[in-house]
Structures are given as C-alpha cells and as structure tokens.
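Descriptive analysis of the structure
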Amino acid sequence: MKIQTFASYEDMSRSAAEAIAAVVRAKPTAVLGLATGSTPIGTYRHLVRMYQEGTLDFSRVTTVNLDEYIGLSGTHEQSYRYFMEDHLFRHVNIDPARTFLPDGMAPDPVAEGHRYDQLVADLGGTDIQLLGIGFDGHIGFNEPCGEFVKPTHPVDLDPSTIQANARFFASEAEVPRRAITMGMGAIMGAHRVLLLASGQGKKAVFDASANGPIVPQVPASILQLHPDVTMMFAEG
Ligand code: F6R
C-alpha cells in the first residue's frame, strides 16, 4: 500500500486525476470505477480540464459507479447518476451508454446487486477504482458491521452517514435511508485502488484504515489486503 500526503485538496485532486488519466492513456478502453461525494469533485474537475485541453479521450472508456440511493431515479438532483452527469459525464466525450450505476429504482435491490456484479465481471473488473471514505470508515456504502460483504447489495445507511449526507438535501429527513452499494468483492477485484481523503476530520479513520487491524468495523481496512492500493490524504 502506498500512502501519499498532500498539503492541499487541490494538490491531491490533481495527482488523483493524473493517476486516472495515466490509466486511460495506457488503455483507452479502460473501465473506471468511480465514486461520488465531495472528495472526488476536484479530481473530476481536473479530468474535465484534461479533456478540454485535448490531452484525455473518454470516447472508449467505460465507468461503473460504486453506489446509488434506493428510491431515487437518475433524474433526481440528489441521485448519484445526476451527480456524475453534473461533475463529469456531460463535460467529456464519454458514451452515455457506457456509464453504469446501480439502479436505485430496481424493484428487487438484491437482484439488482447480482445484475451489477455480473456487469462488472463481464467488463473484466475495473482497471482503477476511485474511493472516498466515510467518517465511519465506509467505502462505497459498505458500512461498519460484523462482516465484509462480498456482493453488491442493498444497505441501511448508518445514522452518521445520513447526517453527513444531509448537507446535500434540503433536510436530513429527505436523505434516503437505503442505498445499493458495490460490495467488497467488486471493490477488491479492481486492478488498482485509489482512495482519497481530505481534512483533519478524516485523519483518524484514514490512519486506522491504512495501519489498524483489518476488521469489518473499519470497512476500508480491507484494502490492506489488496496488492495495488494508493491512499491519498490532503491535510487541508
Ligand atoms: C460515494 C461513496 C461514499 C463516499 C464517502 C465520503 O460514492 O461511495 O463512500 O465516498 O461517504 O464522502 P465525502 O467525499 O462526501 O466525504
């Protein structure tokens, strides 16, 4: 595991975007595993800039996102599909038909999880998986619990996650209580993992994930078992 520390969020974001761009340049048909939340926004901004500068081509890239809220359609402004359109997809030359997220409106979220895992498997896994990390150590929406869950699956969000995500909604009551998340199987199946964390509030959970015991109560700690992980931390 490589740990990289940056003085600023901006420096981390540029470096993360360069790492993703390097994957796409080496393999124009790359499959990118993507995340939402506030942390990767700077990374997406730099990827868009590279596209605009003509140094990055998304035309043959495929993306698979980590998660989606259950009950929100892709046109809902707080859906993760909407987020991705807003921050990346509609600003670059990606084929919309090659951008995938779990379907939050699927009538059977368990079956949707299986479908999504099959999709990721059929794509050959992700070439690089971008991750943020929750204050409770979650990756995707794999919340702390008694075991590492392998398949993509529906989850009840932790009260702390609902509270943390309330900033994107008009009120905490509007935050969906459930999501579908990529499981640890697909995350650990990525050829390479890039985890980003920013700010002193994430320092303790970042350190516990990188150096603490590998336990499902700190879901990101499983990454210690992956052969090619870079964890980036921005001090400010
Ligand atoms: C988002 C996701 C989550 C976030 C995490 C951190 O797709 O899977 O695990 O990465 O909640 O969110 P921010 O970056 O908003 O602190």
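Below is a short write-up of the structure.

Criteria and cut-off values
Residues numbered from 1 in each chain as written. Predicted model: local features only at pLDDT ≥ 70, side-chain atom pairs only at ≥ 80, totals over all residues. Heavy atoms only, no water. Near = heavy atom within 4 Å. Polar contact = N/O pair within 3.5 Å; in protein donor to acceptor, adjacent residues only side chain to side chain. Areas by Shrake-Rupley, 256 points an atom, 1.4 Å probe, with all protein chains shown as cover. Nonpolar A, V, L, I, M, F, W, Y, C, P; charged D, E, K, R; others polar. Axes fitted to C-alpha atoms, helices over the stretch in contact; angles between N-to-C directions. Helix = DSSP H or I, 4+ residues; strand = E, 2+ residues; numbered from the N terminus. Parallel < 35°, antiparallel > 145°, perpendicular 65-115°, else oblique. Contact = heavy atoms within 4.5 Å. Expected span 1.5 Å × (residues − 1). Buried < 20%, exposed > 50% of the residue type's maximum accessible area, 1.4 Å probe, protein only. Phe/Tyr/Trp six-rings, centres within 6.5 Å; stacked < 30°, edge-to-face > 60°. Lys NZ or Arg CZ within 6 Å of the ring centre and 35° of its normal.

**Some remarks on the site of the ligand**
Lining the immediate environment of the ligand, one finds 14 residues, of which Thr39, Asp67, His138, Gly140 and Lys202 sit closest. Contact distances for the ligand include 2.6 Å between an oxygen atom and a backbone N or O atom of Gly140. Here an oxygen atom of the ligand sits 2.9 Å away from a polar atom, N or O, in the side chain of Arg167. Protein contact buries 94% of the 410 Å² of open area that the ligand shows by itself. Tallied by class, the residues present in the shell around the ligand amount to three nonpolar, eight polar and three charged.

**Some words on the packing of helix 2 (residues 41-52) against helix 3 (residues 80-87)**
In contact at an axis separation of 10 Å, helix 2 and helix 3 are set at 40 degrees when each is read in the N-to-C sense. Compared by their axis directions, helix 2 and helix 3 come out oblique. Packed against helix 2, whose contacting residues are Ile41, Tyr44 and Val48, the element helix 3 presents Phe83, Met84 and His87 at the interface. In the contact of helix 2 with helix 3, the residues fall into five nonpolar, one polar and no charged.

**Section: helix 2**
With twelve residues, helix 2 ought to run about 16 Å at 1.5 Å a step, and its terminal C-alpha atoms sit 16 Å apart, in line with that. Within helix 2, the full set of buried residues consists of Gly42, Thr43, Tyr44, His46, Leu47, Val48 and Met50. Where helix 2 is buried, its residues touch helix 1 (9-26), strand 2 (31-34), helix 3, strand 6 (128-131) and strand 9 (193-198). Note on helix 2: the residue one or two positions beyond its end, Gly54, has a positive phi of about 85 degrees.

**Quick look at the packing of aromatic side chains**
The full count for this structure, using the stated rule, is five aromatic pairs. Arranged with centres 5.8 Å apart and planes meeting at 75 degrees, the rings of Tyr69 and Phe169 form a pair that is edge-to-face. Linking Tyr69 in strand 4 (residues 67-69) with Phe169 in the loop between helix 5 (159-165) and strand 8 (178-181), this pair joins segments that are 100 residues apart in sequence. The buried category is assigned to Tyr69, whose relative accessible area is 1%. Their ring planes at 20 degrees and their centres at 6.1 Å tell us that Tyr80 and Phe141 sit as a pair that is stacked. One end of the pair, Tyr80, is in helix 3; the other, Phe141, is in the loop between strand 6 and strand 7 (153-156), and 61 residues separate them in sequence. Each member of the pair Tyr80 and Phe141 is classed as buried. Each member of the aromatic cluster is reached from another via a ring pair, and the members are Tyr69, Tyr80, Phe141 and Phe169. For Lys202, the ring lying beneath its charged end belongs to Phe135, and the centroid distance is 5.0 Å. Over the ring of Phe233 we find Lys203; its NZ or CZ atom is 5.3 Å from the centre of that ring.

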